[in-house]
Amino acid sequence: MPSTPLPHRPRCSRRLTCALGLLGGVLLLWSTSSAADLQELVVVVNPSNPITKLSTAELRPIFQTSKRQWPNGTAIDAVNLPEPSPQRQVFDRAVLGFDPESAASYWIDRKIRGDARPPRKLPTAATVLAHVAATPGGVGYVPAGKLGKGVKIVARIINGRVQVP
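Residues numbered from 1 in each chain as written. Predicted model: local features only at pLDDT ≥ 70, side-chain atom pairs only at ≥ 80, totals over all residues. Heavy atoms only, no water.

1. With respect to the overall build of the chain
Argument step 1. Assigned secondary structure in the chain consists of five helices and six strands.
Argument step 2. In sequence order, the chain lays out its α and β elements as α-β-α-β-α-α-β-α-β-β-β.
Argument step 3. A burial count over the chain gives 35% of its 165 residues as buried.
Argument step 4. Taking the intrachain contacts of the chain between residues at least 6 apart in sequence as the baseline, contacts between residues at least 24 apart amount to 71%.
Argument step 5. Just so you have it, the chain exposes about 10,100 Å², and 60% of that area is on carbon and sulfur atoms. (Helix = DSSP H or I, 4+ residues; strand = E, 2+ residues; numbered from the N terminus. Buried < 20%, exposed > 50% of the residue type's maximum accessible area, 1.4 Å probe, protein only. Contact = heavy atoms within 4.5 Å. Areas by Shrake-Rupley, 256 points an atom, 1.4 Å probe, with all protein chains shown as cover.)

Okay, structure coming up:
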């Protein structure tokens, strides 16, 4: 008995199915880790900085780059995570009161006016920690679970609210 040929399936549909399955798995892992990472963020400074705590009112001008020096005269070097980062979005909402669209508009407006540039973006929590640990005026934020040595905590963001230690 002759076998009936199977209908032809274009190669792209198999590739697409595999790609979508892989993407779904990556998104599942990303959403699981980012949910844990969003439970608490910590704002950190270089240990040589005499600052021991920073409130929302003190963090806002630092990350809007309108405050440029620490009380001891050291230049502030604030760093951010990239805009798509869920941690960046939580930080912007808690400290600056910005959703992602408002944050983008704010920095575009500042650029048009010739004002100070936004804080530098670093790609990962590990690079933020390394930069702050190596820079006397450094300040940044990372998920509490990624906290490493060589930095000092000056604020916590828990459930979208800044809390001083």
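There's plenty left to go through after this.
2. Remarks on the pattern of salt bridges
A pair can form between side chains of opposite charge whenever their charged atoms are brought close.
Argument step 1. Applying the stated criterion across every chain, the model contains six salt bridges.
Argument step 2. Arg-88 serves as the salt-bridge partner of Asp-92, at 3.0 Å between the closest nitrogen and oxygen. Of this pair, Asp-92 and Arg-88 are both found in helix 3 (residues 86-96), four residues apart, which corresponds to roughly one turn of the helix. There is no split in this pair, since Asp-92 and Arg-88 are both buried. (Salt bridge = Lys/Arg side-chain N within 4 Å of Asp/Glu carboxyl O.)

3. Details of the sheet that holds strand 2 (residues 77-80)
Argument step 1. If you walk across this open sheet you meet the six strands as 3-2-4-1-5-6, and the pairing is mixed. Two strands in the sheet have a free side with no partner beyond their single neighbour: strand 3 (120-121) and strand 6 (161-163).
Argument step 2. Bridge analysis of strand 5 (residues 152-158) against strand 6 gives three bridges, and the strand direction is antiparallel. Residue pairing for strand 6: Ile-157 is matched across the bridge by Val-162.
Argument step 3. This element, helix 5 (residues 125-134), spans strand 1 (40-45), strand 2, strand 3 and strand 4 (138-143) of the sheet and lies at about 150° to strand 4. (Pairing = 2+ DSSP bridges. Axes fitted to C-alpha atoms, helices over the stretch in contact; angles between N-to-C directions.)

4. Describing helix 2 (residues 56-63)
Argument step 1. Residues Leu-59, Ile-62 and Phe-63 constitute the buried set of helix 2. Buried residues along helix 2 cover an arc of 85° about the axis, so they all sit on one side.
Argument step 2. Thr-65 lies just past helix 2 and shows a positive phi near 60°. (Arc of directions from axis to C-beta.)

5. A short note on the environment of Pro-123
Argument step 1. For Pro-123, the location among the structural elements is in the loop between strand 3 and helix 5.
Argument step 2. Separated by 41 residues in the primary sequence, Pro-123 and Pro-82 place their C-alpha atoms 6.2 Å from one another.

6. Thoughts on the pairing of strand 1
Argument step 1. For strand 1, the buried fraction is high: five of the six residues fall into the buried class.
Argument step 2. As paired strands, strand 1 and strand 5 are joined by six bridges and run antiparallel to one another. Note that in strand 5 the partner of Val-45 across the bridge is Lys-152.
Argument step 3. Inspection of the sheet shows strand 1 paired to strand 4 by five bridges, in the antiparallel sense. From the neighbouring strand, Val-44 faces strand 4, where its bridge partner is Gly-140.

7. A look at the side chain of Gln-64
Argument step 1. Note on placement: Gln-64 falls in the loop between helix 2 and strand 2.
Argument step 2. Exposure remark for Gln-64: the relative accessible area of 15% places this residue in the buried category.
Argument step 3. Those residues within four positions of Gln-64 in sequence are excluded, and the remaining contacts are Leu-96, Phe-98, Tyr-106, Trp-107 and Arg-110.

8. Here we look at the confidence of the model for the chain
In regions of low pLDDT, the predicted coordinates are not meant to be interpreted in detail.
Argument step 1. Put simply, the chain has an average pLDDT of 83, and 77% of its residues get 70 or more.
Argument step 2. Across residues 8-34, where pLDDT falls below 50, the model places four contacts with residues more than four positions away in sequence or in other chains. (pLDDT = per-residue confidence, 0-100.)

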